[in-house]
Amino acid sequence: MSSIIQLLPDHVANQIAAGEVVQRPASVVKELLENAVDAKATDIKLIIKDAGKSLVQVIDNGVGMTVTDARLCFARHATSKIRQAEDLFSLGTKGFRGEALASIAAIAHMEMKTKQDQDELGTHIVIEGSKFVSQEVAVLPKGTSFAVKNLFFNIPARRNFLKSDTVEFRHVMDEFQRVALAHPNIHFSFYHNGSELYNLPSAGYRQRIVGIMSGKTNEKLVPVNEDTEIINIQGFVCKPEFAKKSRGEQFFFVNDRFIKSGYLHHAVMAAYDGLLKDGSQPSYFLYLQVPPNTIDINIHPTKTEIKFDDEQALYAILRASIKHSLGQFNVAPILDFDRDSNLDTPYHYKDLEAETPTIQVDGTFNPFTDDKTNQHYTKGNSGSSYSSGSSSSSGASYSGSSYSGYSKRVEPTASWESLYVGLDLENPETIESSPFTFENEEVTSSLFNDDEVEQASQKTYQIHKKYIVSPIKSGMIIVDQQRAHQRILYEQFLLNMTVNQASSQQLLFPLDLFYSAVEMKLIEELKPSLETTGFIFEEAKTDHVVISGIPVNITESEVSIVIDQLLSDLQDGIPASSYSQNDTIAKSMAKSLAVKTGSYLTEKEQDNLVSGLFACKDPNISPFQKPTFITMRVEDIDKKFAL
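Keep in mind that this is a model prediction, so the values were computed, not measured. (Residues numbered from 1 in each chain as written. Predicted model: local features only at pLDDT ≥ 70, side-chain atom pairs only at ≥ 80, totals over all residues. Heavy atoms only, no water.)

(A) The arrangement of the overall build of the protein in detail. Helix and strand counts for the protein come out as 15 helices and 26 strands. The buried share of the protein, reckoned over its 643 residues, is 40%. Residue pairs in contact within the protein that sit at least 24 positions apart in sequence constitute 67% of those at least 6 positions apart. Looking at the protein as shown, the accessible area adds up to about 38,200 Å², and 51% of this sits on carbon and sulfur atoms. (Helix = DSSP H or I, 4+ residues; strand = E, 2+ residues; numbered from the N terminus. Buried < 20%, exposed > 50% of the residue type's maximum accessible area, 1.4 Å probe, protein only. Contact = heavy atoms within 4.5 Å. Areas by Shrake-Rupley, 256 points an atom, 1.4 Å probe, with all protein chains shown as cover.)

(B) The arrangement of empty space enclosed by the protein in detail. In this structure the tally under the stated criterion is 2 cavities of 30 Å³ or more. Lining of the second largest cavity is provided by Met213, Ser214, Thr217, Lys220, Lys244, Glu249, Phe514, Tyr515, Ser516 and Glu519. Tallied by class, the residues present in the lining of the second largest cavity amount to 3 nonpolar, 3 polar and 4 charged. (1 Å grid on protein atoms, 1.4 Å probe; cavity = no way out; pocket = protein on both sides within 12 Å on 5 of 7 lines; lining within 4 Å. Points joined across faces, edges and corners; volume = space filled by probe spheres on them. Nonpolar A, V, L, I, M, F, W, Y, C, P; charged D, E, K, R; others polar.)

(C) The arrangement of the packing of aromatic side chains in detail. The full count for this structure, using the stated rule, is 17 aromatic pairs. Relative to tyrosine 287, the ring of phenylalanine 253 has its centre 4.9 Å away and its plane inclined at 15°; by these criteria the two rings are stacked. In this pair, phenylalanine 253 sits in strand 11 (residues 250-254) while tyrosine 287 sits in strand 13 (residues 284-289), placing the two residues 34 residues apart along the sequence. The residues phenylalanine 253 and tyrosine 287 share a single accessibility class, namely buried. (Phe/Tyr/Trp six-rings, centres within 6.5 Å; stacked < 30°, edge-to-face > 60°.)

(D) Broad picture of helix 10 (residues 481-498). Taking 1.5 Å of rise per residue, the 18 residues of helix 10 would be expected to cover 26 Å, and the 26 Å separating its terminal C-alpha atoms lies within 8% of that figure. Taken as a whole, helix 10 has its buried residues at Gln481, Ala484, Gln486, Arg487, Ile488, Leu489, Tyr490, Glu491, Phe493, Leu494 and Met497. The opening residue of helix 10 is aspartate 480, an N-cap whose side-chain oxygen sits 3.1 Å from the backbone nitrogen of glutamine 482. (Expected span 1.5 Å × (residues − 1). Polar contact = N/O pair within 3.5 Å; in protein donor to acceptor, adjacent residues only side chain to side chain.)

(E) Region of interest: the sheet that holds strand 24 (residues 536-540). The antiparallel open sheet is built from 3 strands, whose spatial order is 23-25-24. Of all the strands in the sheet, the pair left with one neighbour each is strand 23 (504-514) and strand 24. Direction aside, neighbouring strands of the sheet carry axes that sit 15° apart on average. In the sheet, strand 24 pairs with strand 25 (residues 544-551) via 4 bridges, with the strands oriented antiparallel. Bridge pairing in strand 25 links isoleucine 536 to glycine 549. Across the sheet, helix 11 (residues 517-533) lies against strand 24 and strand 25, angled at about 155° from strand 24, the strand it touches most. Strand contacts of helix 12 (residues 559-569): strand 23 and strand 25, with the helix running at about 60° to strand 23, the strand carrying the most contacts. (Pairing = 2+ DSSP bridges. Axes fitted to C-alpha atoms, helices over the stretch in contact; angles between N-to-C directions.)

(F) Structural context of the side chain of serine 548. Position of serine 548 relative to the elements: it lies in strand 25. Those residues in contact with serine 548 that sit more than four places away from it in its chain are Gln505, Gln506, Leu507, Pro510, Ile536 and Glu538.

(G) Representation of the pattern of salt bridges in the model. Evaluated as defined, the whole model comprises 10 salt bridges. Where arginine 487 meets glutamate 491, a salt bridge forms, and the shortest distance between an N and an O atom there is 3.0 Å. Of this pair, arginine 487 and glutamate 491 both sit in helix 10, 4 residues apart, which is roughly one turn of the helix. Take arginine 487: its relative accessible area is 6%, and that puts it in the buried class. (Salt bridge = Lys/Arg side-chain N within 4 Å of Asp/Glu carboxyl O.)

(H) Highlighting the confidence of the model for the protein. Overall, the predicted model of the protein reaches an average pLDDT of 78, with 74% of residues at or above 70. Counted against residues more than four places away or in other chains, residues 373-408, with its pLDDT under 50, gives 44 contacts. Overall, residues 445-457 carries pLDDT values under 50, and its contacts beyond four positions in sequence, including any with other chains, amount to 2 contacts. (pLDDT = per-residue confidence, 0-100.)

(I) Highlighting the packing of helix 10 against helix 14 (residues 603-614). At a closest axis distance of 9 Å, the pairing of helix 10 and helix 14 adopts a crossing angle of 55°. Judged on the interaxial angle alone, helix 14 and helix 10 are oblique. Crossing hand, helix 10 versus helix 14: left-handed. Of helix 14, the residues touching helix 10 (which contributes Gln481, Ala484, His485, Arg487 and Ile488) are Leu609, Gly612 and Leu613. By residue class, the composition of the contact of helix 10 with helix 14 is 4 nonpolar, 3 polar and 1 charged. (Parallel < 35°, antiparallel > 145°, perpendicular 65-115°, else oblique. Left-handed = near helix turned anticlockwise from the far one by under 90°.)

Here it is in C-alpha cells:
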C-alpha cells in the first residue's frame, strides 16, 4: 500500500491558517495596526474603503524594513519579535506568532512599501494569493505602508459570509478604537471612503478616551489609580448614573494589549454592587500593568485571551480600587468618620473658660393668683424682664437680651362660667343640642338610580404581578403581561412605519442626546425609519443629536432608554432590506416600552391588555417567538382534582 500522507504546499497551509487569523476585514486592521505599533511608529494612518472589503491600508513612520526583511516577512512563522521559546514569557510586543502577514497575503492582493531612515531607496513588493508578482526599488518616505485589496478574492465562500458594510465597518471601528486607546502617545488618523472620521493627536489617557468616545464623556469619568507589588491599575470608570444597557464601552488593557476577561469584568460589577439598576452595564477604561512572566498570551491567534498566575489577587485588588475611587469622589455613599474642621472650637475661644448662666427665680411667684391685672411686660436697664403678679416682684429675668423696649398690658378675660349662662346645669338632659355641620363632610350624588346601575363583575385577575387570568367559556386563559404588551406595541410600530403616518408630540425643550462616533453613524442609518415612528430630529452633529418631537406613546424620560436599547439590539448589524430594518426597530422599541414583569396593573389596564392582545393579527406569540398565553380548560382542571 502506498503512502498517503503528504506535506501541504505553502499556499494551501497559508489559506488554512488564514481561517484562524483573518476572519473579516477587522482582523486585517488589527494585525496591521499592531505591526505599526511594534515598529515604534509615532504617526499611524488607517484608510479603508467599503468597510475594508475593497481596501485596508495602514501607513506608519516606523523603523521600516531592509530588502531581505521585506521579502522574508511574508513567510510563515517569520517574525522579528522573538528568538526562542523563553521569549514568550517576557513579551513586550503585540505580535510574535509570525502568521499574520503570510495569512493575509494568501487570501488577498497585497502591496507593501517600506524604507528605513538610513537608506536612500525603499522596497515595493506586490503579492497576489501568496504569489510574488513584483519586487522593485522605489523612492519612499521613512516607514512602512501595507495595502490589502480584494479580501477573500480566492475564497468566495468566505467572502459571501461577510456581513453588510455597516456591520463590517463597526467591527473595523472597534479594532481601531482598541489600538488607539491602548497607545495614547501615538497620533492616529482614520479615513473611510475618503472622509476623515478620527484625527487623534498624541495625548494622555483621558484626552484619548474623550477624543474617541465623545466630548460629553469627560464629565462621566472617575479616575482609578492603584499601585501594588503584583499589579498597577490606572484608568477610569464611569459614574453609575451613566450606565447603559449594552456592554460596548468596556475596555481592559493588560500591558497595553486589549483583552476580554469575564472574571475581571465580574470584579468591576462587584465594585458597583448596589449602585446600578438591573440590567445596566457600567463603562470603564482600565489599564493594567503586570510582570510579563505572570501571564500567558499564547492561547488564541487573536491574542485577546490571557491566563493570569494569581487571578484571585487581581480580582480583589481591582474590586477594591474601583470601590475606593467611587467612594473617594463621592460617587458612592460612604460613611466618613474623619473629623470635620468646621466643628472645631474657634481659635480665640480656645483658652476661655465656660461661664455658668445666672438665673434669678422668685420663690413667691404663683401663676394661679387671681390678680392678673398687673400682668405686663417691662423693660429695664439691664435688658428685658417678664413679670407676673405684683409689679415689685419679678418672676424670672434674663440678662443680655437685645429686644427693643415695649409695654403691653393684657386685658383680663371673662370667666369660663359665662359660656354656660342660661343653661340648666342641674338638669343636663333638658339641654337641646343644635345640629352640627362639618365642612369636610363628603356629599355624593348619582345621576342614575341605584336600580339603573348595572354592577360589572371583575373579569380579569393579576397573579404575582406577572400573569393575567381571564375566564372564558371553556375554562380560563393565563396571559404573560410583558409578552402580550410586546406583541401589541410591535404591531402598532410596524403599522406606523409601513402603512400609517405616525403622529408626534412636540417637545417644549428639545432633547440633546450625546453618543460616540460609532453610535452616531448607526443613528444616521436608522434616522429615516425612526422618523416614521414619530421621532423628529432637529439636527444631528458629530457627537450628539437634537430631538424636537417624539412618538405619542413614549414619554420624554423614555427617549434615551429606547434609543440605547435600539443601538444595543443592533450590535450585530442592520438588515440590508428596508422591511427587515423596520421589523428590527419595531421589535426593539416594543421590548423597551412594554410593561415589565413585577408591574401592578389596574383592572381596566388588565382588560385593555387582554383585549388588545386578541385584536392583534398573531396574538399567540410575542415578537420574539415566545408564547403570550396558555389556555386551561375546565376538563384539565377536573383532572387535577381527580388525582
